[in-house]
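# Report on the structure
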Amino acid sequence: MSGRMRIVVVVANLAVLCLPTNHTLAASEGDFRMPSPWAWRCVSGRCVKEDSSGQVGLTTFNMCKLTCSTEGMLWPRPVSAIIGDQVTPFLPWMMRLQPICQGEVCNLLREAYDIFTDILHRYHPHYANGKAPWTGPWDATTELQVLQLDVTVASNDTILTLDTDESYDLTVTIGTDLISVIVIAPTYFGARHALETLSQLVEYHETADALMIVPAMVSDGPAFPYRGLLLDTSRNFVSVGALERTLDAMAACKLNTLHWHITDSHSFPLFLDSLPNMAYYGAYSARQVYTPAQVRNLMKYAQVRGVRLLPELDAPAHVGNGWQWGDKEGLGQLAVCVNQEPWQSYCVEPPCGQLNLANPNMYDVLGQIYKELVQLFSPLELFHFGGDEVNLNCWNTTEEIFNFMVDNGYGTNESDYYHQWAVFQGRALELLHEAAGGRDVPGVLWTSHLTKPEYLEYLNPSQYIIQIWTKKNDSSINNLLSRGYRVIFSNYDAWYLDCGMGAWVGEGNNWCSPYKGWQTVYDNSPHDIAFTETGSPHTDLILGGEAALWTEQVDDATIDSKLWPRGAAIAERLWTNPVTNWKAAEIRFINHRQRMVQRGMQAERIQPQWCHQNEGLCYLSEPLLGCGGT
């Protein structure tokens, strides 16, 4: 070896090799293995890293994570869970599904089971391109172990509503050669959640090249019926693949609503068969369009994963590009102030645009859009009207609208324009009712001037749900809840995930800075906010909450890291509504981030990996001495 130093490595399925330090592993580099001196011991519910030399009672890292807590590494934390302290190895092809269900529910269950199976394969450290190289060798017990999954679903309902029961009971029992898993759920959606929980009771067995499962009893159900994320696809286009990946991540966290802010003044990326001009004039390019077939496929993709797609067509403000074709077609101006300058005089951010209240043809077009949306998102159980940030100067300085107000005797004061806004909203509700074949579809509106006390009488609380995006100490919270409105919380001081970036117009930071860390997201409790503002948690009126990702500074390249794992923090808040704060969830949260990465999401790093391997040792205490990144 010419006096050169040698190192010892272990390569899978090969003998120990002595290699010179300048040697480069070639074809077998992907099989490189190196033993570790470290193992883990469960101490008071925490995995402690120790030197394994001469020690007993130690386990692998994954095994410790599975067994060293009564709730394991489950996310979101279930209502009730008892988890054992022993694991049983098994192989992923030794599983069988035994469903007791009816009709379409059985088809959905089989699709959910296929997803579950793929998730387990992804736990293998060398999973790639849809495959995992399970090679063993395995002992006879592992090879013969069968996992039987018995799933009983009582209802044949496949539509997720605000009244759907998403609860489930899950039991994992270990026998001599049979792992018995029993799931009982009132609906498909509860059964799907049970499969997600089951996937988190399984891990990769590092020394056996197999899967391992822990015995458990789980009884679970959500605290809130509405658990959402908002994703804006107008400011920047988001591909179908990224939307599907977002739905995968939502399913991993038991979030159940993707609020799709499809259009805005920036672009109209949705192709409509009856109104092709909307996308023709409104899309950024012919490649940045959602086709009807893609929307229907996304609806199915979401349903299997227990998620509803909630479409939003923001109006009467936040419209513009896509509406410019009216004059050429003899319909007059459908929207006004489109791309008008200086933008600060006509809207809150460029580009500007608002619907033309004076043009009756605008209502015809709006009604046709609603008809297609009802068809595309069928069965439509909720619809978001948008309805915020109307700029009165835009309307008042548009000659056609000003004359419309004067000629009809409506007046041109601020309150007069707000009244006409309310008239528009009433007409929009009627158009949606007609589009839905006479069926009442609950509408969602953002908090705005129209939800202030002096105008709120225009909105019937039986017809509208109000989404609160203002701060958690805003007076609108008391006003809305005291008047009996159902609400969804999205207060921007905790649940706007785009905050804390550099300004995209001008300099400095963006308007809602600072950045909302996962701790802030986690601790934001709608019931606590309501109690502070009103003296009551209003559990009957608060439907849930939603984290919002507006995409001024987001596209496919950054969407995962902006959404995740912070989206998982709101998921536990809305599923479990814990009485404890983020500190009690930190170890599970860091582990769930790792799990999400295994499943293909590019979730943001929260801590150094050392913290994941050394539970509870990354903390602050007083006095704080030195916190640099050097």
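Residues numbered from 1 in each chain as written. Predicted model: local features only at pLDDT ≥ 70, side-chain atom pairs only at ≥ 80, totals over all residues. Heavy atoms only, no water.

### A look at the packing of helix α2 (residues 104-122) against helix α7 (residues 292-304)
Defined as follows: Only the stretch in contact is used when a helix axis is fitted, and all axes are lines through C-alpha atoms; the angle between N-to-C directions ranges over 0 to 180 degrees. Runs of E in the DSSP output that reach at least two residues are strands. Runs of H or I that reach at least four are helices, and both are numbered from the N terminus. Convention used here: angles under 35 degrees read as roughly parallel, angles over 145 as roughly antiparallel, angles from 65 to 115 as roughly perpendicular, and any remaining angle as oblique. A contact between two residues is defined here by any heavy atoms of the two lying within 4.5 Å. Ten residue types, Ala, Val, Leu, Ile, Met, Phe, Trp, Tyr, Cys and Pro, are classed as nonpolar, four, Asp, Glu, Lys and Arg, as charged, and the remainder, Gly among them, as polar.
Put simply, α2 and α7 touch, their axes get as near as 9 Å, and they point 80 degrees apart. When the interaxial angle is binned, α2 and α7 end up roughly perpendicular. Judged by residue contacts, Glu104, Leu108, Glu111, Ala112 and Ile115 of α2 engage Lys300, Gln303 and Val304 from α7. Taken together, the residues of the contact of α2 with α7 sort by class into 4 nonpolar, 1 polar and 3 charged.

### Remarks on α7
This is how it is decided: To estimate the expected span of a helix, subtract one from its residue number and multiply by 1.5 Å. Using a 1.4 Å probe on the protein chains alone, a residue whose accessible area is under 20% of its type maximum counts as buried, one over 50% counts as exposed, and one in between counts as partly exposed.
Look at α7: 19 Å from first C-alpha to last across 13 residues, which is about the 18 Å you get at 1.5 Å a residue. Within the sequence span of α7, burial applies to Pro292, Val295, Leu298, Met299, Tyr301, Ala302, Gln303 and Val304. On its buried side, α7 packs onto α2, α4 (188-199), α5 (240-253), β16 (257-261), β17 (308-312) and α8 (360-376). Immediately beyond the C-terminal end of α7, within one or two residues, lies Gly306, with a positive phi of roughly 75 degrees.

### What about the side chain of Gln145?
In this structure, Gln145 sits in the loop between α3 (140-144) and β9 (146-153). Contacts of Gln145, omitting those with residues within four sequence positions, involve Thr88, Pro89, Phe90, Met94, Gly175, Thr176, Asp177, Leu178 and Ile179.

### Structural notes on the nonpolar core
The test is simple: Joining through side-chain atoms within 4.5 Å is the link that ties buried Ala, Val, Leu, Ile, Met, Phe, Trp, Tyr and Cys residues into a set, and such a set is a nonpolar core.
Membership of the largest hydrophobic core comes to 120 residues, with the highest contact counts inside it found for Trp323, Ile369, Tyr370, Phe377, Trp395, Phe424 and Trp564. Looking at this core, the element that brings in the most residues is helix α11 (residues 414-435), giving 10 residues. By size, the runner-up hydrophobic cluster in this structure holds 52 residues, among which are Phe116, Leu120, Leu149 and Val218.

### What about the pattern of salt bridges?
Side-chain pairs of opposite charge can arise whenever the charged atoms involved come near each other. Stated formally: Any Lys or Arg side-chain nitrogen found within 4 Å of a carboxyl oxygen on Asp or Glu counts as a salt bridge.
Counted by the stated rule, this structure contains 18 salt bridges. Among the salt bridges present, the one from Asp560 reaches Arg245, with a minimum N-O distance of 2.7 Å. Residue Asp560 is located in helix α16 (residues 559-563), and its partner Arg245 is located in helix α5; the two are separated by 315 residues in the primary sequence. Of the residues examined, Asp560 reaches a relative accessible area of 4% and is grouped as buried.

### Some thoughts on the packing of helix α17 (residues 566-576) against helix α18 (residues 586-598)
Working note: a packed helix pair is described by the angle between its axes plus the distance between those axes. Test applied: Crossings are assigned a handedness: left-handed for a near helix turned anticlockwise from the far helix by less than a right angle, right-handed for a clockwise turn.
It is at 10 Å that the axes of α17 and α18 come closest, and there the two elements cross at 125 degrees. Of the possible angle classes, the one that applies to α17 and α18 is oblique. As for how α17 packs across α18, the hand of that crossing is right-handed. Here Arg566, Ala568, Ala569 and Glu572 of α17 lie close against α18, whose contacting residues are Arg588, Phe589, His592 and Met596.

### Quick word on the packing of aromatic side chains
Rules: Stacked, edge-to-face and tilted are the three classes for Phe, Tyr and Trp ring pairs, Trp counted by its six-membered ring, which pair at centre distances within 6.5 Å; planes under 30 degrees apart are stacked, over 60 edge-to-face, the rest tilted.
Applying the stated criterion across every chain yields a total of 30 aromatic pairs. Taking 6.2 Å as the distance between ring centres and 85 degrees as the angle between the ring planes, the aromatic pair formed by Trp469 and Trp511 counts as edge-to-face. Here Trp511 lies in the loop between α13 (492-495) and α14 (518-523) and Trp469 lies in the loop between β22 (464-468) and α12 (475-482), a separation of 42 residues in the sequence. A relative accessible area of 16% means that Trp469 is categorised as buried.

### What to know about a nonpolar patch on the surface
We apply this condition: Here, patches come from residues exposed beyond 30% relative accessible area and free of salt bridges, joined within 9 Å for like charges and within 5 Å for nonpolar side chains (Val, Leu, Ile, Met, Phe, Trp, Tyr). Only the protein chains shown count as cover for residues, and the accessible areas themselves come from Shrake-Rupley with a 1.4 Å probe.
Together, Trp610, Leu617 and Tyr619 make up a nonpolar patch on the protein surface, roughly 370 Å² of accessible area in all. Take Trp610: it is sitting in helix α19 (residues 609-613).

### Remarks on the state of the cysteines
As a reminder of what qualifies: Disulfides are defined as pairs of cysteine sulfur atoms found within 2.5 Å of each other.
Under the criterion given, the structure shown has 7 disulfides. The side chain of Cys101 participates in a disulfide bridge whose partner is Cys106; the two sulfur atoms lie 2.0 Å from each other. Since a negative S-S torsion denotes a left-handed disulfide, the Cys101-Cys106 link at about 125 degrees is right-handed. Cys106 sits in the buried class, given a relative accessible area of 12%. Note that Cys611 is cross-linked by a disulfide to Cys618, the S-S spacing being 2.0 Å. Residues Cys611 and Cys618 are joined by a disulfide whose S-S torsion is about -85 degrees; by sign, that bridge is left-handed.

### A few points about the confidence of the model for the protein chain
Rules: Confidence of the predictor in every single residue is expressed as pLDDT, which spans 0 to 100.
The predicted model of the protein chain has a mean per-residue pLDDT of 93, with 94% of residues at 70 or higher. Of the regions scoring below 50 in pLDDT, residues 1-27 engages in 32 contacts with residues more than four places distant in sequence or in other chains.

### What about the pairing of strand β4 (residues 38-43)?
Taken residue by residue, a regular strand's side chains alternate between the two faces of the sheet. So the rule is basically this: The pairing criterion is simple: DSSP has to find at least two bridges between the two strands.
Here 6 bridges tie β4 to strand β5 (residues 46-51), and the two strands are oriented antiparallel to one another. Looking at the pairing, Val43 lines up with Arg46 of β5. Linking β4 to β5, which pair antiparallel, is a turn of 2 residues; within it Ser44 sits at a positive phi near 55 degrees.

### A word on the side chain of His124
Rules: Nitrogen and oxygen atoms within 3.5 Å of one another constitute a polar contact, given that in protein one can donate a hydrogen and the other can accept it, and given that sequence-neighbouring residues count only through two side-chain atoms.
Looking at the secondary structure, you find His124 in the loop between α2 and α3. Its relative accessible area of 4% is what places His124 among the buried residues. For His124, the side chain forms a polar contact with the main-chain nitrogen of His126, separated by 3.0 Å. Leaving out residues up to four positions away in the same chain, His124 has contacts with Ala132, Pro133, Trp134, Tyr204 and Asp209.

### Focus on helix α15 (residues 526-534)
The α-helix advances 3.6 residues per turn, and as a result positions three or four apart in sequence lie on the same side. Heads up, the condition is: Read the arc as the range of directions from the helix axis to the C-beta atoms.
Of all the positions in α15, only Pro526, His527, Ile529 and Ala530 are classed as buried. Looking straight down α15, one finds its buried side chains confined to an arc of 160 degrees; they lie on one side. Set apart from the buried face of α15 by more than 90 degrees, the exposed residues are Asp528 and Thr532. Check the buried side of α15 and you find it contacts α12, β23 (486-489), α13, β24 (542-549) and α17. In the stretch just after α15, Gly535 is the one whose phi turns positive, near 85 degrees.

### Concerning the environment of Asp407
Checked against the element boundaries, Asp407 lands in helix α10 (residues 399-407). In this structure the C-alpha to C-alpha distance between Asp407 and Pro565, which are 158 residues apart in sequence, comes to 55 Å.

### Some details on the environment of Asn156
If you trace the backbone, Asn156 turns up in the loop between β9 and β10 (168-174). Spatially, the C-alpha atoms of Asn156 and Glu104 are 7.2 Å apart, while their sequence positions differ by 52 residues. Non-local contacts of Asn156, meaning those with residues more than four positions away in its chain, are made with Gln102 and Val105.

### Digging into unusual backbone geometry
With an omega of 0 degrees, the peptide bond between Gly136 and Pro137 qualifies as cis. Its location among the elements puts Pro137 in the loop between α2 and α3. In the segment running from Trp564 into Pro565, the intervening peptide bond is cis, with an omega of 5 degrees. Summarising the element assignment, Pro565 is placed in the loop between α16 and α17. Unlike most non-glycine residues, Glu389 shows phi in positive territory, near 55 degrees. Here Glu389 is to be found in the loop between β20 (383-386) and α9 (392-396).

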